[in-house]
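Structural characterization, general
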Amino acid sequence: MTDTFAQDVLNGLLADNKHLSSKYFYDDNGSRIFQEIMNMPEYYLTDAEFEILSMQSKQIVDALKFSTPFNIVELGAGDGFKTFKLLEYLASNNIDFNYVPIDISQEAIDLLTERLKERLPNITIKPKVGDYFEILKENKESDHPSLLLFLGSNIGNYKEEKAIELLQLFNDNMNIGDKLLVGFDLKKNPIIIHNAYYDSHGITKRFNLNLLLRINRELEADFKMDDFDFYCHYNPITGDVKSYIISLRQQTVHIKKLNQSISFDYNELIWTELSKKYSISKIRNLAEAANFKLTSNFLDCKHYFTDSLWEK
């Protein structure tokens, strides 16, 4: 990971329009900060998806139409907070399944496994740390059908062509009849979206600046946090939220492990994240483009969010 991380950081910061990949947000500290974000009152996504998985677990399981034991493979499981309600429903109804949480953070997987063993001691957990696709290749050899979970609004972090590419990769690593439950943040009042990013406690800002701290730690750079700020912008027509780190002064940052000095101008931007909001019709188009059949959309009561069930 470090070699790839180093190369991506170098390429991103030497580009004419500087950028850093949001996939590098989630080191152990970044994962902890993201848990804080999910607990913010302004961050509606957690409550919306929790409501769907709490109130509609039966409908989701019925829509799977699996007649044999099956695998639930969660991509980017985090703390498993939302998924717990679905797992609890399955366990309380004696439905036979294996839960396979996957995350790049060992700490997140260890905490999740520990909690689930306490709260749902009878379920079968097969935790995995690492790359989604290596693990999905193994899972494809399973004798059981699978439900893949790609929850939260993770798909919104990808440009459309990259989202289709990712979803097609999921499709390639699934068997006919397997299902994918994927979370989409829906277009809504722009003020609600704005407030979710500009939280009063500055947690989203800290989440973005943690990426610079990670570069300091892993690549021996000397980014000074007080010299950078956070900005984001929502376009309600396209549904794109773009997040940036801003250089507050003219400065040079040294990255010892890369043997590089990176110059920043006043107010120069580093693009860190895309977070796309979708319409229902756009979700259907995306499913078709990735060779899936859309089965059902499960929405929260405010229609802020949907978990969309697709079949290969």
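Residues numbered from 1 in each chain as written. Predicted model: local features only at pLDDT ≥ 70, side-chain atom pairs only at ≥ 80, totals over all residues. Heavy atoms only, no water.

Some points on the overall build of the chain
Within the chain, the regular secondary structure consists of 11 helices and 13 strands. Scaling as 2.2 N^0.38, a compact globule of 312 residues should have a C-alpha radius of gyration of about 20 Å, and the chain matches this with 20 Å. Dimensions of the chain, computed from the C-alpha atoms along their principal axes, are close to 60 × 40 × 35 Å. Sequence-distant contacts in the chain: of pairs separated by 6 or more residues, those separated by 24 or more amount to 73%. (Helix = DSSP H or I, 4+ residues; strand = E, 2+ residues; numbered from the N terminus. Rg over C-alpha atoms; globule rule 2.2 N^0.38 Å. Contact = heavy atoms within 4.5 Å.)

Notes on the packing of aromatic side chains
In the structure shown here, the tally under the stated rule is 20 aromatic pairs. Seen from their ring centres, Tyr44 and Tyr304 are 5.4 Å apart, and the 70° between their planes marks the pair as edge-to-face. Remark: Tyr304 occurs in the loop between strand 12 (293-299) and strand 13 (305-311) and Tyr44 occurs in helix 3 (residues 44-55); sequence separation between them is 260 residues. Aromatic side chains Phe184 and Tyr278 sit 5.0 Å apart centroid to centroid with 75° between the ring planes, which places their arrangement in the edge-to-face category. Highlighted residues: Phe184 in strand 6 (residues 179-185) and Tyr278 in the loop between strand 11 (269-276) and helix 11 (280-289), separated in sequence by 94 residues. Considered together, Phe184 and Tyr278 belong to a single accessibility category, that of buried residues. Each member of the aromatic cluster is reached from another via a ring pair, and the members are Phe25, Tyr26, Phe34, Tyr43 and Phe207. Seen from the ring of Phe84, Arg119 lies directly overhead, with NZ or CZ sitting 3.8 Å from the centre. If you follow Lys276 out to its NZ or CZ, it ends over the ring of Tyr278, 5.9 Å from the centre. (Phe/Tyr/Trp six-rings, centres within 6.5 Å; stacked < 30°, edge-to-face > 60°. Buried < 20%, exposed > 50% of the residue type's maximum accessible area, 1.4 Å probe, protein only. Lys NZ or Arg CZ within 6 Å of the ring centre and 35° of its normal.)

Things to note about helix 10 (residues 203-219)
Across its 17 residues, helix 10 extends 24 Å between first and last C-alpha, which sits within 8% of the 24 Å expected from 1.5 Å per residue. The principal kink in helix 10, of about 25°, is found at Leu209. Of all the 17 residues making up helix 10, 13 are buried; the element is thus mostly covered by neighbouring parts of the structure. One or two positions beyond helix 10, positive phi appears at Glu220, with a value near 55°. (Expected span 1.5 Å × (residues − 1). Bend = angle between axes of the 7 residues up to and from the residue.)

As for unusual backbone geometry
In this model, Asn94 sits at a positive phi of 55°, which is unusual for a non-glycine residue. Position of Asn94 relative to the elements: it lies in the loop between helix 5 (83-92) and strand 2 (97-103). By relative accessible area, which is 71% here, Asn94 ends up exposed. Phi at Asn291 takes a positive value of approximately 70°, unusual for a residue other than glycine. By secondary structure assignment, the location of Asn291 is in the loop between helix 11 and strand 12. Asn291 sits in the exposed class, given a relative accessible area of 54%.

Points about the packing of helix 7 (residues 132-140) against helix 8 (residues 160-172)
Closest axis-to-axis distance for the helix 7/helix 8 pair is 9 Å, and the angle between their directions is 30°. Considering their axes alone, helix 7 and helix 8 lie roughly parallel with respect to each other. Residues Tyr132, Phe133, Leu136 and Lys140 of helix 7 form the contact with helix 8, whose participating residues are Leu166, Leu169, Phe170 and Asp172. Classifying every residue of the contact of helix 7 with helix 8 by side-chain character gives six nonpolar, no polar and two charged. (Axes fitted to C-alpha atoms, helices over the stretch in contact; angles between N-to-C directions. Parallel < 35°, antiparallel > 145°, perpendicular 65-115°, else oblique. Nonpolar A, V, L, I, M, F, W, Y, C, P; charged D, E, K, R; others polar.)

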